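Summary of the model geometry
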Amino acid sequence: MWKVLTPKKIAFGENAAKEFEYPQRSLIITTTTPEIYNKWIEYMGIKNYEIYDRVTPDPAIETIEKIKNEYEGKNINAYIGLGGGSSMDVCKYLSKITKIPKILIPTTFGTGAEMTTYAVISFDHKKKLLQDEAFLADAAVVDPYFLAGTPYHIMRNSACDAAAQASEGYDSKAGNPFTRLFCKEAFDILEDAIINDKPNLLPYGAMLSGIGFGNSSTTLGHALSYVFSNEGVPHGESLSSCTTVAHKFNKSIFYDRFKKICQKLKFDQLKLKQPLDLAADVIMPDRGHLDNNPIEVTKQDIINCLDEIVNKNPLS
Ligand SMILES: [Zn+2]
C-alpha cells in the first residue's frame, strides 16, 4: 500500500493570496516586520485579524506555549502562518495542540513546508525534526507575489533546496509512483525557472517538490549537508555540492541537470573545519536519510563523498 497526504485545500498561482477567503478573527503569525507584513496583509485583503510578529528563526516550544496562552479564549478561528519555515512550523505545532485550523502561506519558497507533515521546533535549544499528520495545512496558499523583495541569496538557496528535495525525493526508496510524478514535474519546473530566469515559477515548483519529497524523503545529499549546516553554511547552499556528489554516487538521472542548476546559481566550493573522518561519524547515524538512499552507503563512501566536496570542487 502507498499513502500520500496533502493539505485539504491548495490555492496557487498569481493572486492566490489576494483572492483566497480568510476566516474572520484569524491570528497571523509571522517573523517579519510591520513595514513588510502590513503591505502583504493589505494585498491579501484580510480584515479583523490579530497578529503575532515575535517569532524568531528556529522557534522554541516556549514561544508556541506563550502564543497559545496569550490568545486562549480570544475566539481565534484560524492561524495564518505567513513567512518562511519558522512561521509555518509555529502554526503547525499550535494547531496540533489547540485544534484550531491553519492556513500556511510561504513567502520564501524552497522548503515546500506548506505541503508537508514536518515541523522543526527547538526543545532545550536543540532543533528537533517532528512529523505528525496533524501538521498538515488545512489550506496552503502559494502566490509568487511574495517573491518581490526577496534577497537574491535567499532565493538562490531556496531554489537549490527545492531542486535537491525534488531530485533526492525521486530517487528515495520511500517513494512511490505518485510521489515520483510530483518530484519529476517539480524538478522540470524548477530547472526551467532557474536556467531560463523565470523566478515566478519557483513557488509552484517548490510546492510540487513539497508534495513529492514530503511523502517520500530526501536521501544522501541531505544527510551529507548537515555537517556543513552545523558549521554555519545555509541549508540550500550546502546542498549545492552535497546533492551533486550524492547524485553522482547514486548514478541519479538528475546528476548532470542538478549540477548545471548549481553552476548557473554560481555556488562556491564548500569548506569543512572538522576532519572528514569525524564528520562521517556524525553523518552515519542519520538513518532517516541514509536508509532511504537508493544505494547502500558505507562510512568510507561518506568520507569519499566529503573528500570530493571539499577537495575537488564538484561544481567545476
Ligand atoms: Zn532541504
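Residues numbered from 1 in each chain as written. Predicted model: local features only at pLDDT ≥ 70, side-chain atom pairs only at ≥ 80, totals over all residues.

1. Let's talk about the packing of helix 9 (residues 235–250) against helix 13 (residues 299–311)
Helix 13 packs onto helix 9 with a crossing angle of 130 degrees between their chain directions and a minimal axis gap of 10 Å. With respect to helix 13, the element helix 9 is oriented oblique. In this structure, helix 9 meets helix 13 at a crossing whose hand is right-handed. Listed contacts from helix 13 to Ser 241, Cys 242, Val 245, Ala 246 and Phe 249 of helix 9 are Asp 301, Cys 305, Glu 308 and Ile 309. The class makeup of the residues in the contact of helix 9 with helix 13 is six nonpolar, one polar and two charged. (Axes fitted to C-alpha atoms, helices over the stretch in contact; angles between N-to-C directions. Helix = DSSP H or I, 4+ residues; strand = E, 2+ residues; numbered from the N terminus. Parallel < 35°, antiparallel > 145°, perpendicular 65-115°, else oblique. Left-handed = near helix turned anticlockwise from the far one by under 90°. Contact = placed C-beta atoms within 7 Å. Nonpolar A, V, L, I, M, F, W, Y, C, P; charged D, E, K, R; others polar.)

2. A closer look at helix 7 (residues 202–214)
Along its 13 residues, helix 7 runs 17 Å from first to last C-alpha, staying within 8% of the 18 Å computed at 1.5 Å per residue. Within helix 7, 13 of the 13 residues are buried, which leaves the element mostly enclosed by the surrounding structure. (Expected span 1.5 Å × (residues − 1). Buried ≥ 20, exposed ≤ 12 C-beta atoms within 10 Å, placed from the backbone.)

3. Here we look at the packing of helix 6 (residues 177–195) against helix 7
Think of two packed helices as two axes; the pair is described by the angle between the axes and how far apart they sit. The N-to-C vectors of helix 6 and helix 7 enclose an angle of 155 degrees; their axes lie 8 Å apart at closest approach. Considering the angle they form, helix 6 stands roughly antiparallel to helix 7. Read as a crossing pair, helix 6 and helix 7 show a hand that is left-handed. Contact residues: helix 6 offers Thr 179, Phe 182, Cys 183, Glu 185, Ala 186, Ile 189, Leu 190 and Ala 193, while helix 7 offers Leu 202, Tyr 204, Gly 205, Leu 208, Ser 209, Ile 211, Gly 212 and Phe 213. Across the contact of helix 6 with helix 7, the residue classes tally to eleven nonpolar, four polar and one charged.

4. Let's talk about the pairing of strand 4 (residues 78–83)
The element strand 4 is largely enclosed, with a buried count of six among its six residues. Inspection of the sheet shows strand 4 paired to strand 5 (residues 102–106) by five bridges, in the parallel sense. Residue pairing for strand 5: Leu 82 is matched across the bridge by Ile 105. Taken together, strand 4, helix 4 (residues 85–98) and strand 5 form a β-α-β motif whose crossover is right-handed. (Pairing = 2+ DSSP bridges. Right-handed = clockwise from strand over helix to strand, strands pointing away.)

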